[in-house]
Amino acid sequence: MKRIVYSKRNTTALTTVLLFCAFLIATLAIARQQSPNPYPEVESTAYFADVTSSHLPQAPDLHALDALFIDVDQDGDLDIVLAVEYDENRLYLNDGNGKFTWKEGAFGPSTHDTEHVLSADFNKDGYPDLIFVAEDDYTHQLFLGGPNGEFTDASERLPGKSEGNALAIGDVNGDGLVDIVVGNSGETGPNPSGLAPAQDLLWLNDPERPGHFVDVTTTHMPEDNDGTQDIALVDLNGDGHLDMVIANEDSPNRLLLNDGSGRFTDASERLELLVPMETRQVHAFDANGDGYPDLLFLNLTSNNSGWDKDPQARLLINDGNGYFKDQTKKRLPENMFSTYAGKVMDFNNDGHPDILVGALQIPGFTPLQLRAYQNDGNGYFSDVTSEVVPASTIGRHWGMAVGDLNGDGKEDIFIGAWGTQARLLFGQYFAGLSVRFLKLWMSPPLGIDTVEP
């Protein structure tokens, strides 16, 4: 611990800084009260305005399960790509001010049971490409980007079919090309038993033909038969290689370590799993500011089949060596709702990652308000939903995406939904601004000497 030693010079300087900060905070508060609300016709808070009705195509029956922000037409603003269950996957084009129109047929007229979408320049031609994975109809799709935001179906380059419920991309073998991991659930299938193999798949990008993929599952992945719902690729042990966290619905979550060549071994003993979970999403982020990635598991009680497991979100803290301890009880608010998706973002602009959590009441599959958990800077979270989330932001929340959609320098969020209207929230200017100014002025504090004890 450091202790602060004060002198007359120290105290005078510190008092000056504190008075200035108090004046600044008061000025910002008055300005916020006097500043006209740019979206007076919609529900808003100091943090977000719900502009769904004015800026987003209305589709209250759509099953938009995942979303991605990407500038497909390279016009300088972010567009939205949606993975849609049993309907057309959609492309919403941005007018530059955050208003979106649906470009029908961007990915062809066919419909699939699509679950997830991610983007990378797989073929190294300078244009963003897209990978979609599907569940019940086994139809994964690869679209290669081109000029003016046009896409070409190149799904034949994918080496297989599966009941996909998870997707992750990254360079797992260090060759500079983006590879694909597909997580599978294996609930139904075309074989006589009615079941499909639930083995998770690893497809390496072919260095001889970038944008073509080779299935190396049998040589690079442990054998499994899990019901995988999400996968995160992240360096968990600090060796510079992308490791894998696997979120499962009917078996324990797993951790796989990468040897650097894209070969993974099971190291799930590094996860402290205190209770059975039906996990739908995993997020890797530095919750407590110590420089190491921690793990957040978002859970269901069941997939709307009744009350089963405890749906409490779980936070596992990294000990610095890639071992994870469950510290949920002291760090996260309690929850009884189920969660299919959430997002980590700094919604109060204080430099610390906060969490947005989708909420459904199960049994019942009842839409609830989006939840907001605020980080105190040390990885302890409090529920600040009433301050942060507009009252209108209610739905069966699914995959979310974060980015600056209207070019005002503030992060916005799109919230996918199952059979309710997807929501679009614009970030507000004054949220957390005074907090950030205070931290800038106080770290390091002017005129204060620190000495070790």
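Sequence positions are assigned chain by chain, starting from 1 and proceeding in written order. Residues qualify for local features only when their pLDDT is at least 70, as the model is predicted, and side-chain atom pairs are given and counted only at 80 or more; totals for whole chains, interfaces and linings, by contrast, use all residues. Only hydrogens and water are set aside when side-chain values are computed; all heavy atoms of the structure are taken into account.

**Looking at the nonpolar core**
Here, the term nonpolar core denotes a set of buried Ala, Val, Leu, Ile, Met, Phe, Trp, Tyr and Cys residues that are joined through side-chain atoms within 4.5 Å. Accessible area is worked out with a 1.4 Å probe on protein chains only. A residue is then buried under 20% of its type maximum, exposed over 50%, and partly exposed in between. Grouped together as the largest cluster of nonpolar side chains are 21 residues, with contacts concentrated most on Leu 56, Ile 80, Leu 82, Phe 414 and Leu 424. Whether two residues are in contact is decided by their heavy atoms, any of which lying within 4.5 Å being enough. Those residues within four positions of Leu 82 in sequence are excluded, and the remaining contacts are Leu 62, Ala 64, Asp 66, Ala 67, Asn 89, Arg 90, Tyr 92, Phe 132 and Phe 414.

**Side note on the side chain of Asp 71**
Each helix is a run of DSSP H or I of at least 4 residues and each strand a run of E of at least 2, with the numbering of both proceeding from the N terminus. Looking at the element boundaries, Asp 71 is found in the loop between strand S3 (63-70) and strand S4 (79-87). Within the buried set, Asp 71 has no salt-bridge partner at all; the shortest N-O distance to an opposite charge, 11 Å, is to Lys 103. Counting of polar contacts relies on pairs of N or O atoms within 3.5 Å, with two restrictions inside protein: one atom must be capable of donating a hydrogen and the other of accepting it, and residues adjacent in sequence are counted only when both atoms are side-chain atoms. There is a polar contact of 2.9 Å between the side chain of Asp 71 and the backbone nitrogen of Gly 76. Every residue in contact with Asp 71, bar those within four places of it in the chain, is listed here: Gly 76, Asp 77, Leu 78, Asp 79 and Pro 128. Positive charges come from Lys and Arg, negative ones from Asp and Glu, while His and the chain ends are left out of the count. Here, a salt bridge means any side-chain nitrogen of Lys or Arg that lies within 4 Å of a carboxyl oxygen of Asp or Glu.

**Thoughts on the sheet that holds strand S28 (residues 381-383)**
Strands were regarded as paired on the criterion that DSSP finds at least two bridges between them. Here we have 4 strands laid out as an open sheet, ordered S23-S24-S27-S28, and antiparallel in their pairing. One side of each edge strand has no neighbouring strand; the edge strands of this open sheet are strand S23 (342-345) and S28. Each strand axis lies, on average, 20° off the axis of its neighbour in the sheet, ignoring direction. Across 3 bridges, strand S27 (residues 371-375) lies against S28 in antiparallel orientation. The residue of S28 that forms the bridge with Asn 375 is Phe 381. Angles run from 0 to 180 degrees between N-to-C directions of axes, and those axes are lines fitted to C-alpha atoms, restricted for helices to the stretch in contact.

**Quick look at the sheet that holds strand S18 (residues 264-266)**
Pairing within the open sheet is antiparallel, and its 4 strands lie in the order S15-S16-S17-S18. Bordering the open sheet on either side are strand S15 (228-234) and S18, each of which pairs with just one other strand. The sheet shows a mean angle of 25° between the axes of neighbouring strands, taken without regard to direction. Looking at chain direction, strand S16 (residues 243-248) and strand S17 (residues 254-258) are connected through 3 bridges and run antiparallel. Across the sheet, the residue bridging to Ile 246 is Arg 254, located in S17.

**Some points on the pairing of S16**
Of all 6 residues in S16, 6 are buried, a share of seventy percent or more. Going residue by residue along S16, you find Asp 243, Val 245 and Ala 247 tucked away on one face and Met 244, Ile 246 and Asn 248 tucked away on the opposite face as well. Here S15 runs beside S16; their pairing, made up of 6 bridges, is antiparallel. Within S16, the residue paired with Thr 228 across the bridge is Asn 248. Counted between consecutive antiparallel strands, the loop separating S16 from S17 contains 5 residues.

**What to know about the environment of Thr 420**
Positionally, Thr 420 belongs in the loop between strand S31 (412-418) and strand S32 (423-427). Separated by 23 residues in sequence, Thr 420 and His 397 have C-alpha atoms that sit 8.3 Å apart. If we ignore the near neighbours within four places in the chain, the residues touching Thr 420 are Ala 59, Pro 60, Leu 62, Pro 367, Gly 395 and Arg 396.

**Notes on the pattern of salt bridges**
For the coordinates displayed, the defined rule picks out 11 salt bridges. The shortest N-O distance in the salt bridge between Arg 254 and Asp 200 comes to 3.8 Å. Note that Arg 254 is positioned in strand S17 and Asp 200 in the loop between strand S12 (179-184) and strand S13 (201-205), a separation of 54 residues in sequence. With respect to class, Arg 254 is no different from Asp 200; both count as buried. For the salt bridge of Asp 408 with Lys 410, the shortest nitrogen-to-oxygen distance reads 2.7 Å. Beyond isolated ion pairs, a larger network of salt bridges with shared partners links Asp 200, Asp 224, Asp 226, Arg 254 and Asp 266.

**Describing the confidence of the model for the protein**
In this model, the protein carries a mean pLDDT of 89, and residues with pLDDT of at least 70 account for 84%. Scored below 50 in pLDDT, residues 1-7 makes 17 contacts in the model with residues more than four places away or belonging to other chains. Counted against residues more than four places away or in other chains, residues 30-34, with its pLDDT under 50, gives 3 contacts. Note: pLDDT gives the predictor's confidence per residue, expressed from 0 to 100.

**Brief notes about the side chain of His 140**
Inspection of the secondary structure assignment puts His 140 in the loop between strand S8 (129-134) and strand S9 (141-145). Reaching out from His 140, the side chain makes a polar contact with the side chain of Ser 162 at a distance of 2.8 Å. Look past the residues within four positions of His 140 in its chain and what remains in contact with it is Phe 132, Val 133, Ala 134, Ser 155, Leu 158, Gly 160, Lys 161, Ser 162, Gly 164, Val 182 and Trp 203.

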